[in-house]
Amino acid sequence: MQNKGLIKVFAILFGLVCIYQLSFTYLTNSVESEAEEFAARKIDESRENYSDLRDQAEQDYLDSIGNNEIIAGITYNAAKDKELNKGLDLKGGINVILQISVEDIIRGLANDSDDPAFNKALVEAREASVTSQDDYIDIFFEKFDAIPDAQLASPDIFANKTLSDDVTYDMSNDEVKPIVRQKVDESITSAFEVLRKRIDKFGVTQPNIQRLGNSGRILVELPGAKDVNRIQNLLQSTAQLEFWHVFKNNEFGPFLTQANQVLKGIVSEEEEAANVTDSTSQENSDIDDLLADAEDSTAVQSNNPLFDLIIGPGAQGGPVLAYFNVQDTAKVNTYLSMPQVRNLLPAEQRYARFVWGVADDDTNATGLYALKSNRDNQPPLSGSVITDAQQTYDQVGRVAVSMQMDGTGAKIWEEMTGYASNNQTQIAIVLDDIVYSAPGVSTGAISGGRSEITGDFGIEEGKDLANVLRAGKLPASADIIQSEIVGPSLGQEAIDSGMLSFAIALVLVLVWMIFYYGKAGVFADIALIVNILFIFGILAGLGAVLTLPGIAGIVLTIGMSVDANVLIFERIKEELAKGKSQAESIKDGFSNALSSILDANITTGLTGFILLILGTGPIKGFATTLLIGIATSLFTAIFITRLFIDGYGKNGKSLEFATGITKNLFKGMNSDFLGKRKIAYIISGILIVISLGSLLTQGLNYGVDFVGGRTYTVRFDQDVSPTEVQNVLVEKFGNAEAKTFGPNNQLKITTNYKVENEGTEVDLEIQEGLFESLKPYLPADTTEEEFINGSSDKTVGIMESMKVGPTIADDIKTASFWAVLGSLIVVFLYILLRFRKWQFSLGAVAAVFHDVLIVLGVFSLLYKFMPFSMEINQAFIAAILTVIGYSLNDTVVVFDRIREFVNEHNTWKLGKTVNAALNSTLSRTLNTSLTTLVVLLAIFIFGGESIRGFMFALIVGVVVGTYSSLFIATPVMFDSVKKKSSIQDKKEVEEETVA
C-alpha cells in the first residue's frame, strides 16, 4: 500500500477531530448531570409536582452557569450548541408539518374578491387538491383557465390597488400567473420567517425549521419541548391583531330587548313543532302525560331565549353588553346572526360585529362586545403596525403586553384615542377575534404609538402573546397536517434500549471476528471501533440529529462494515492457498477484493441516497447514519485494517486469517447451485403465490402515515385488555383500534375520527374524549393535564402521539412508491453500466422483486398474530429500501466473482464457471449474513418497541436476500444468457450443469 505515512497521519488527525467534536457532548452531559443532582437535592420527592419543580430548578441552574467556563475557555452554552443533537424519539418533543393555506394567500392578493369565476376556481381547486399531488396554485390556475372569458387581470381580481405596480388590466392570464406565483412564494417565505422568529424566542434548544419544497409546507422540530398544546397554539396562531371602536352597552339595550321578543316567536314555533312530533309518536299515553306536555309547551312560550342565557350584566356604560356561559356562546352567535334579528339593528349599528372576550377560568363566563365595524369589515388599525412587544405588568401588577407602533400606526392610534377620549368610549383590542381588553381613554389622545394590552392571562400567555406580536402575523392560516409528539420519559427509555442493543451487537461482532479470523479479526475489530468513532464524530460535526432509527443504522453499519473485512480476508486466504507469500497474498487479496467492495457499497449507498432525499424525520436520520457508515467503513476496512496487518507482518511474523476451528470451514465446497435452480424456482414460486394471495385477500396493516388519522401510545399502571378498551373507544369515536404495544400495560390506539378536520380544537376534543373514556383504567388521581402532557418521569398517560392528515398521507404513499421504484431503476442502470450486460441487471432486479414480495407477504400473513406492530409506514419503506440495498450487496459480490472467473477461465463452460464462483463466495456470503443477522436480532430483542417491526422486516429481508442472491439472481442471469447461446452451446451447458 502506497503512502502509508500519509494515511496514518490523516487517520490520527481525523480521529482527534472526531474526539474534539464529541468532547462537547461529554461536557454538556457532565454539566447536565450536575444540574440534575442539584435539582434532586433542592427539591424533595415529598413535594407536590416535584418532577416539574426539579425540571425548573435544573433549568435555572443551567441558565445561571451557562456562560461559566468549563475547560479551556469553553462554556456550557458554547458546548451545547456543538453537542451531538438527539432527535425527538430520544429526547422527547414535538415534530409538526404546517400547511400554509395558499388559498388564503390568493384570496388576500385579490382583496377577498367577490368575482364568481375567481371564487368558483378556488372552491374547485380546494376540492381537487385533496386527491391531487399537484400544488394548489397549479390546480387553481387550471380550474380558472377552464372558465370561459375569465381574466386574472380583472380589476375585481388581481388588477387591484394592492398589485397595481405588478398587474395591469391588459395582461393575459399567462402573464399574470408568474406574478401571482412570486407573490405566493413571498408570502410563504414570510410565514417561514414569522415561525422561525417565534420559535427562536420560545426557548427550545436545537430547534429545526425548514421549508418542504414549494408546497407551502413547513417542518418544525422542537426536541425537548413539553407543553404540547401551548406550542401548537403558538405555531398556528395567525395573530390577527385589530383595534376597533366599540359600542357602549346602553346603546344596544333596545336592540337586545327587541331581539329577545323576536326570538320568542322563532324558538316557540320550533319547540311547539318538536312537542307535536313527540306527542304523536307516543302510543297509549294517558291524560296525565298530555297535560304535562301542554304545561311544558306553555312554559316554553313564556321563556326569554336570549335573556335567559345571560348570567350577568355588563358595567353601566361599559363595552360589555352582557356575560354568558362559554358553552352558550354558539347558541348566542346563532341567534344574533339570524336575518330576523340583524334586521332590527338601526342604521348606525347595521354593520355591528359581535365578538367575545377572554373567558374567565373560574366562572366560565365570557363577555359579549359589539364592535363598530363597516361595510368592508376592516379595522381602523391592524397589528401590522407593531414594531415591538414585551410582556410587562400594569400599574396594579397584572400581566400586560406593551406594544410600540410605527409612524403610520402611531398617527392612526392618536386619532383613535383622541376620539375615544372626547366621546368617553372604549377601544377594543382584538386578537384572533377575541377581545383581550377594551380600555377607555381618559387622558386625551395618546401620541408616540406606545400602548398596552391587559387582560385575564398569565405570565406564559403574556410572553407567548408578545412573542407572536413581535414576530408578526402569519400571512395565511397555518394548519398542522402532520404531527409527532414524544414524551420525555419515553425518549429516555428509547436511549436506554438503543444503547443496550448497540452494546450487545458490538460485543457479538467483536467476539465473532476474533473467533473466525483470529489475530486478523482483532485488527478488524480495532478498525471497527475506529469506524464507530468516525461515525459519531462526523454526526456531531455536521450537526446531524441522532434518532433511534439512526442508532439502528449505526448498529446495522457495524454488521455490514465487517463485510468488507470478510471479503478481504477471504481473498487473502485464497491467495495463500495458491502458495503465494504472506506479503504477496495480502497485497493481492486487498486488490482483488476492492472491486466487489466498491460495487456492493455503491449499490447500498444508492438506496441510502433515495431514502435521504425522499425520507422525513427519523427515516432521514437512518439514511444519514447509513451513508456515513458506508463511507467510514470503506476507509477503515481498506486502509486502517491494512495498516495493522502490514505493520504486524513486516518483521516476518506469520498471520493466520483463521482459527483452528474455522481454518478448513467451507474449504473445497463444490455444490451444484445451478442444478438446484428448478427446485428453487418452485419454492420461490410457491412463496410468491402465497404472498400475492395474502396481499389480495388480507391486505396490509397500513399505519396512519399512509391512511391518515391519529395514533396514541397510552401507558397504564396495570395490564389492560385491548379488546375491552377498543369497544369503549368505538362507542366514543365511532372508529378506533387498540393493540398491545410492548408490555401488557401499554396500548397503541388509532382512530380516524374527524381526520379531515384540522386545528387544535379537534386535537383537544379527541384528547379530552380519550381521557374521559380511559378514566376507569387510570389511577383515580390522574388529571387530564397529567394524562395529556405530564412530567419528564411520566409513567401513565399519553407517552407518544402522531397525527397525519389525509392529504399528506396520500403524498407519503406516493413518495414511498416512487422511492421503491426509483431505487430499482437506479440499481438496474448501475449494474447495467458496471457489468455491461442486461442479463446481470435482470437477475439482480428479479431477485429484488422476489425479496420485496416475500417481505410484503410475510407482513400480510402475520400482522394479525405477531405480538408487535407490523404496520406499513415510512419506517417499513425504509426497511424495504435497505433490504433492496442488502440483497443487491450480496448479488453484486457474486456477480463480480462470476465476471472474474469468466475472464480467468475462458475455456470453462458457463455452468461450471457460475457454480465455481458461487462456491468461492459462499464463505463470505454466509459469514456476512450471519453477522448481520446476529446484529439485527440484538436490535430486535433489545432495541425498543417502536422499531421492532422495522427490524423484523430487515431480518426477513436479510434471510430472503441471502437466499435470492444464490438461487434467484444468479440462475435468472444464467438462464437469460443461455437462451442467447447456440443449440450446441445449450447442450454443452446442460451437460456441464448436470455433470
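This is a predicted model, so every value here is computed, not measured.

1. A look at the overall build of the protein chain
- For the protein chain, the helix and strand inventory stands at 31 helices and 23 strands.
- Looking at the protein chain residue by residue over its 995 residues, the buried ones come to 53%.
- In the protein chain, the proportion of contacts linking residues at least 24 apart, taken out of those at least 6 apart, comes to 74%.

2. Looking at the side chain of E103
- Of note, E103 is situated in helix α5 (residues 102–109).
- With residues up to four places along the chain from it excluded, the contact list for E103 reads L122, R126 and Y136.

3. Section: a nonpolar patch on the surface
- On the surface, a cluster of nonpolar side chains totalling about 470 Å² of accessible area is made up of V9, I12, L13, L16 and I19.
- Tracing the sequence through the fold places L13 in helix α1 (residues 4–42).

4. Some remarks on the pattern of salt bridges
- Counted according to the given criterion, the structure contains 22 salt bridges.
- For K177, the salt bridge identified is with D145, shortest N-O distance 2.5 Å. Here K177 is found in helix α8 (residues 173–202), whereas its partner D145 is found in helix α7 (residues 136–145), with 32 residues between them in sequence.
- Relative accessible area serves as the criterion here: at 12%, K177 is assigned to the buried category.
- Across the pair D166 and K183 runs a salt bridge whose closest N-O atoms are separated by 3.3 Å. On the criterion of sequence distance, the pair formed by D166 in the loop between α7 and α8 and K183 in helix α8 is long-range, its members being 17 residues apart.
- Members of the salt-bridge network, linked through shared partners, are R571, E574, R897 and E900.

5. Side note on the packing of α1 against helix α17 (residues 519–542)
- It is the contact of α1 with α17, at a shortest axis distance of 8 Å, that shows an interaxial angle of 55°. In terms of axis orientation, α1 runs oblique to α17. Helix-helix and strand crossings are classified by hand; for α1 and α17 the assignment is left-handed. Here A11, F14, G15, C18, I19, Q21 and L22 of α1 lie close against α17, whose contacting residues are L533, F534, F536, G537, I538, A540 and G541.
- Taken together, the residues that form the contact of α1 with α17 break down as ten nonpolar, four polar and no charged.

6. Things to note about the sheet that holds strand β21 (residues 737–740)
- Taken in spatial order, the eight strands line up as β5-β6-β4-β18-β23-β20-β22-β21 in an open sheet, and their pairing is antiparallel. In this open sheet, the two edge strands, each paired with only one partner strand, are β5 (208–212) and β21. When strand polarity is set aside, the average angle formed by the axes of neighbouring strands in this sheet is 20°.
- Across five bridges, β5 lies against strand β6 (residues 217–223) in antiparallel orientation. Paired with L212 across the bridge in β6 is R217.
- Sheet strands touched by helix α23 (residues 722–733): β21 and β22 (746–751). Its angle to β21, the strand with the most contacts, is close to 160°.

7. Some thoughts on the pairing of strand β16 (residues 434–437)
- Judged from the two bridges that link them, strand β10 (residues 353–357) and β16 form a sheet pairing that is parallel. Its bridge partner being in β16, W356 is matched across the sheet by I434.
- With three bridges connecting them, strand β15 (residues 426–431) and β16 associate as antiparallel partners. Residue pairing in the sheet places I429 in a bridge with S437 of β16.

8. Some thoughts on the confidence of the model for the protein chain
- Per-chain confidence: the protein chain averages 79 in pLDDT, with 85% of residues scoring 70 or above.
- Scored below 50 in pLDDT, residues 274–302 makes eight contacts in the model with residues more than four places away or belonging to other chains.
- Low pLDDT, under 50, characterises residues 979–995; the stretch is placed with 18 contacts to residues that sit more than four places away or in other chains.

9. A look at the nonpolar core
- Counting 121 residues, the largest nonpolar core has F569, I831, F859, F876 and I884 as its most contacted members.
- For I884, the residues in contact, after removing those within four places along its chain, are T607, V820, S823, L824, V848 and V852.
- Ranked by size, the runner-up nonpolar core spans 48 residues in total, among them F158, M171, L195 and V220.

10. Focus: the sheet that holds strand β17 (residues 450–454)
- An order of β13-β14-β17 is seen for the three strands of this open sheet, with the pairing classed as antiparallel. Only two strands of the sheet have a single neighbouring strand rather than two, namely β13 (386–393) and β17. Strand-to-strand, the axes of this sheet are offset by a mean angle of 25°, without reference to chain direction.
- Bridge count for strand β14 (residues 399–405) against β17 is five bridges, and the pairing is antiparallel. Residue pairing for β17: S402 is matched across the bridge by E452.
- On the sheet, helix α14 (residues 407–423) packs against β14 and β17 and is oriented at approximately 115° with respect to β14.

11. Let's talk about helix α12 (residues 329–337)
- Within the span of α12, buried status applies to T329, V332, Y335 and L336. Buried residues of α12 fall within an arc of 120° about the axis and therefore sit on the same side.

12. Looking at the packing of aromatic side chains
- Counted under the stated rule, the structure contains 31 aromatic pairs.
- With centroids separated by 6.5 Å and ring planes inclined at 80°, the aromatic side chains of F716 and Y777 adopt a geometry described as edge-to-face. Within this pair, whereas F716 is found in the loop between β20 (709–715) and α23, its partner Y777 is found in the loop between α24 (760–774) and α25 (784–788), the two being separated by 61 residues in sequence.
- Aromatic ring contacts, followed pair by pair, group W512, F515, Y516, Y517, F569 and F657 into a single cluster.
- Here K372 stacks its cationic end above the ring of F247, 5.3 Å away from the centre of that ring.
- The lysine or arginine in question, K912, covers the ring of W908, its NZ or CZ lying 4.4 Å from the ring centre.

13. Re unusual backbone geometry
- For N364, which is not glycine, the phi torsion reads 60° and is therefore positive.
- Along the chain, N364 falls in the loop between β10 and β11 (365–371).
- For N364, a relative accessible area of 33% corresponds to the partly exposed category.
- Phi angles above zero are rare outside glycine, and N377 is one such case at about 55°.
- With respect to the helices and strands, the residue N377 is situated in the loop between β11 and β12 (381–382).
- Its relative accessible area of 38% is what places N377 among the partly exposed residues.

14. Re the environment of I218
- By the secondary structure assignment, I218 is in strand β6.
- Judged by its relative accessible area of 0%, I218 is buried.
- Spatially, the C-alpha atoms of I218 and F192 are 7.1 Å apart, while their sequence positions differ by 26 residues.
- If we ignore the near neighbours within four places in the chain, the residues touching I218 are V96, I97, L98, I100, I188, A191, F192, L195, I209, Q210 and R211.

15. Points about the side chain of T25
- Mapped onto the elements of the fold, T25 is located in helix α1.
- Accessibility expressed as a relative area gives 14% for T25, which makes it buried.
- With sequence-adjacent residues up to four places away left out, T25 is seen in contact with E83 and L84.

16. Some points on a negative patch on the surface
- A contiguous patch of negative charge, built from D104, D112, D114 and D156, is present on the exposed surface.
- Using a relative accessible area of 30% as the deciding quantity, one classes D104 as partly exposed.

17. Here's the deal with the environment of D388
- Position of D388 relative to the elements: it lies in strand β13.
- What makes D388 partly exposed here is its relative accessible area of 28%.
- Residues D388 and M405, 17 residues apart in the sequence, show an inter-C-alpha distance of 7.2 Å.

Thresholds, definitions, all that
- Residues numbered from 1 in each chain as written.
- Predicted model: local features only at pLDDT ≥ 70, side-chain atom pairs only at ≥ 80, totals over all residues.
- Heavy atoms only, no water.
- Helix = DSSP H or I, 4+ residues; strand = E, 2+ residues; numbered from the N terminus.
- Buried < 20%, exposed > 50% of the residue type's maximum accessible area, 1.4 Å probe, protein only.
- Contact = heavy atoms within 4.5 Å.
- Patch = residues over 30% accessible without salt bridge, like charges linked within 9 Å, V, L, I, M, F, W, Y side chains within 5 Å.
- Areas by Shrake-Rupley, 256 points an atom, 1.4 Å probe, with all protein chains shown as cover.
- Salt bridge = Lys/Arg side-chain N within 4 Å of Asp/Glu carboxyl O.
- Axes fitted to C-alpha atoms, helices over the stretch in contact; angles between N-to-C directions.
- Parallel < 35°, antiparallel > 145°, perpendicular 65-115°, else oblique.
- Left-handed = near helix turned anticlockwise from the far one by under 90°.
- Nonpolar A, V, L, I, M, F, W, Y, C, P; charged D, E, K, R; others polar.
- Pairing = 2+ DSSP bridges.
- pLDDT = per-residue confidence, 0-100.
- Core = buried A, V, L, I, M, F, W, Y, C linked by side-chain atoms within 4.5 Å.
- Arc of directions from axis to C-beta.
- Phe/Tyr/Trp six-rings, centres within 6.5 Å; stacked < 30°, edge-to-face > 60°.
- Lys NZ or Arg CZ within 6 Å of the ring centre and 35° of its normal.
- Lys, Arg positive; Asp, Glu negative; His and termini not counted.
- Charge placed at Lys NZ, Arg CZ, Asp CG, Glu CD.

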